[in-house]
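Residues per chain are reported as follows:
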Amino acid sequence: VQKQKAWSFAFFVLIQMSREEKLTEAEIRYKPLLEDFFIKTWGSVILYSHDINHHRRVWKYASELFLTTGPDDLPAEKLLIASYLHDIGMATDRSERHGSVSKELCRSFIAVNNMDPDRYSDVLVAIESHDDKEYKNPVSDNTPLLKILSAADDLDAFGYTGVYRYLEIYLARGIDPEIIGCEIIRNASGRFANFESGFGNYPYLVEKYKSRYLILNNIMARHNRDTEIKNAQTGAGNYPQGIVKLVSDMIRYEIPPDKIETLSFRYAGNKTVTDFVYGLTQELSG
């Protein structure tokens, strides 16, 4: 039995080494091309929640899921390309239909770099389908590429970073500040349930990211309570308050999330906001 365990562990190490090599090779060959294409295509658009830093983080999460869960026959460069281009369509379309725009831009990337379009047809499908956050299709129906891409995108919606990202894009979409907290909690719960369903065989992964999901959920729940109390006292209605007001001001003055402290002094008496500012600053600097 001990010998069998030793062989199993050795085989696992060999698989890990192989996957790490695939990731390294893909990054060496394609990452500079993707970074250059993204930066040129995105241009001067200001939407920090979905800029290149979001795509870099999604690639980090996707790499972790790939190393841990495989499968071994998934080409790493496909996952890299999908991670870097899945939301690039947000440069022109901030709606839930941006996946189609992203797909066409990915098609342009493939053509510009003289890559075989037939080889990357599954990448185009994954990019177009990744933002189905209603999860109409069971996880079991997804390809490994789409499963990992969608999950990695979901993981960047949690924690303090996720709070900021949700608020910026939901405000950009015109969602009423009065219900924005409830909408975020609803959407995030679906994302985490999807992650649990897809990666439940890896309980340590689920526990690791559950803590980040709970950070977001608790912040928005506390914001909702604060807003209800404030509205009851002042009758302010749907006027943005607390962290929603902070992010609204950041959008207005085009302040990136890593400069959030330049506005936080205005909210010194609001613990929900000050805790959020501190948490986001720590998360981004880590």
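The structure we're discussing is the one just above.
Student: Please clarify how the overall build of the protein should be interpreted in this entry.
Tutor: A tally of regular secondary structure across the protein gives 12 helices and zero strands. Expected size for 286 residues packed as a compact globule is a radius of gyration near 19 Å; at 20 Å, the protein falls within 12% of this value. Dimensions of the protein, computed from the C-alpha atoms along their principal axes, are close to 65 × 50 × 35 Å. Burial analysis of the protein (286 residues in total) assigns 49% to the buried set. When the accessible area of the protein is evaluated, it comes to approximately 14,200 Å², of which 53% is carbon and sulfur surface. The centroid of the 34 positive side-chain charges in the protein is displaced by 3 Å from the centroid of its 40 negative side-chain charges.

Student: How should I be thinking about unusual backbone geometry in this particular structure?
Tutor: Glycine aside, residues mostly have negative phi, and peptide bonds are mostly found in the trans state. Residue Pro71 is bonded to the preceding Gly70 through a cis peptide linkage, with omega at 0°. Of note, Pro71 is situated in the loop between helix H2 (52-69) and helix H3 (76-85). In this model, Asn114 sits at a positive phi of 55°, which is unusual for a non-glycine residue. Tracing the backbone through its elements, the reader meets Asn114 in the loop between helix H4 (98-112) and helix H5 (121-129). Its identity is not glycine, yet Glu254 carries a phi of approximately 55°, on the positive side. Within the secondary structure layout, Glu254 lies in the loop between helix H10 (242-252) and helix H11 (261-264).

Student: Honestly, the packing of aromatic side chains in this entry has me stumped. Any pointers?
Tutor: Pairs of aromatic rings are described using the distance from one ring centre to the other and the angle between the two planes. The final tally for this structure, using the stated rule, is nine aromatic pairs. With centroids separated by 5.4 Å and ring planes inclined at 70°, the aromatic side chains of Phe37 and Phe109 adopt a geometry described as edge-to-face. Remark: Phe109 occurs in helix H4 and Phe37 occurs in helix H1 (residues 2-42); sequence separation between them is 72 residues. The residues Phe37 and Phe109 share a single accessibility class, namely buried. Ring centres of Tyr61 and Tyr209 lie 5.8 Å apart, and the angle between their planes is 85°; this geometry places the pair in the edge-to-face category. Within this pair, whereas Tyr61 is found in helix H2, its partner Tyr209 is found in helix H9 (residues 203-234), the two being separated by 148 residues in sequence. Taken individually, Tyr61 and Tyr209 each receive the classification buried, so the pair is uniform in this respect.

Student: What's the story with H10 in this structure? I'm lost.
Tutor: Every α-helix carries 3.6 residues per turn, so stepping three or four residues along brings you back to the same face. Most of H10 is tucked away: eight of the 11 residues are buried. Taken together, the buried positions of H10 are Gly242, Ile243, Val244, Leu246, Val247, Ser248, Asp249 and Met250. Summarising the contacts, the buried residues of H10 are in contact with helix H7 (159-172), helix H8 (180-199), H9, H11 and helix H12 (271-285). Where H10 terminates, the next one or two residues include Glu254, which has phi positive at roughly 55°.

Student: Where do I start with the nonpolar core in this structure?
Tutor: Side chains of a nonpolar character, in soluble globular proteins, are inclined to be buried together. By size, the foremost hydrophobic cluster in this structure holds 79 residues, and its most contacted members are Ile81, Leu85, Leu167, Phe195, Leu246 and Phe276. Apart from the residues lying within four places of it in its own chain, the contact partners of Leu246 are Ile260, Leu263, Tyr267, Val273, Phe276 and Val277.

Student: Would you mind showing me how to read the packing of H9 against H12 here?
Tutor: Any two packed helices are characterised by how steeply their axes cross, that is the angle between the axes, and by the distance between the axes. Contact geometry for H9 and H12: axes closest at 10 Å, N-to-C directions at 155°. In this view, H9 runs roughly antiparallel relative to H12, as classed from their interaxial angle. H9 and H12 meet at a crossing whose hand is left-handed. Contacts from Arg212, Ile219, Arg222, His223 and Asp226 in H9 reach Lys271, Thr272, Asp275, Phe276 and Glu283 in H12. Its residues assigned to classes, the contact of H9 with H12 shows two nonpolar, two polar and six charged.

Student: I keep staring at the side chain of Ser83 and nothing clicks. Help me out?
Tutor: By secondary structure assignment, the location of Ser83 is in helix H3. Judged by its relative accessible area of 0%, Ser83 is buried. In this structure the side chain of Ser83 is engaged in a polar contact, spanning 2.8 Å, whose partner is the backbone oxygen of Leu79. Aside from chain neighbours lying at most four places away, what touches Ser83 is His55, Val58, Trp59, Ala62 and Leu149.

Student: Whenever I open this one, the pattern of salt bridges confuses me. Can you help?
Tutor: Counted under the stated rule, the structure contains 19 salt bridges. Taking the shortest distance from any N to any O, the salt bridge between Asp36 and Lys40 comes out at 3.2 Å. Highlighted residues: Asp36 and Lys40, both in helix H1, separated by four residues, approximately one helical turn. Ionic pairing is found between Asp275 and Lys271, a salt bridge with its closest N-O pair at 3.2 Å. Here Asp275 pairs with Lys271, and both are found in helix H12, just four residues apart, close to one helical turn. Look at Lys271 and you get exposed, because its relative accessible area is 54%. Residues joined by salt bridges that share partners form a network here, namely Lys103, Glu104, Arg107 and Glu128.

What counts, and at which threshold
Residues numbered from 1 in each chain as written. Predicted model: local features only at pLDDT ≥ 70, side-chain atom pairs only at ≥ 80, totals over all residues. Heavy atoms only, no water. Helix = DSSP H or I, 4+ residues; strand = E, 2+ residues; numbered from the N terminus. Rg over C-alpha atoms; globule rule 2.2 N^0.38 Å. Buried < 20%, exposed > 50% of the residue type's maximum accessible area, 1.4 Å probe, protein only. Areas by Shrake-Rupley, 256 points an atom, 1.4 Å probe, with all protein chains shown as cover. Lys, Arg positive; Asp, Glu negative; His and termini not counted. Charge placed at Lys NZ, Arg CZ, Asp CG, Glu CD. Phe/Tyr/Trp six-rings, centres within 6.5 Å; stacked < 30°, edge-to-face > 60°. Contact = heavy atoms within 4.5 Å. Core = buried A, V, L, I, M, F, W, Y, C linked by side-chain atoms within 4.5 Å. Axes fitted to C-alpha atoms, helices over the stretch in contact; angles between N-to-C directions. Parallel < 35°, antiparallel > 145°, perpendicular 65-115°, else oblique. Left-handed = near helix turned anticlockwise from the far one by under 90°. Nonpolar A, V, L, I, M, F, W, Y, C, P; charged D, E, K, R; others polar. Polar contact = N/O pair within 3.5 Å; in protein donor to acceptor, adjacent residues only side chain to side chain. Salt bridge = Lys/Arg side-chain N within 4 Å of Asp/Glu carboxyl O.

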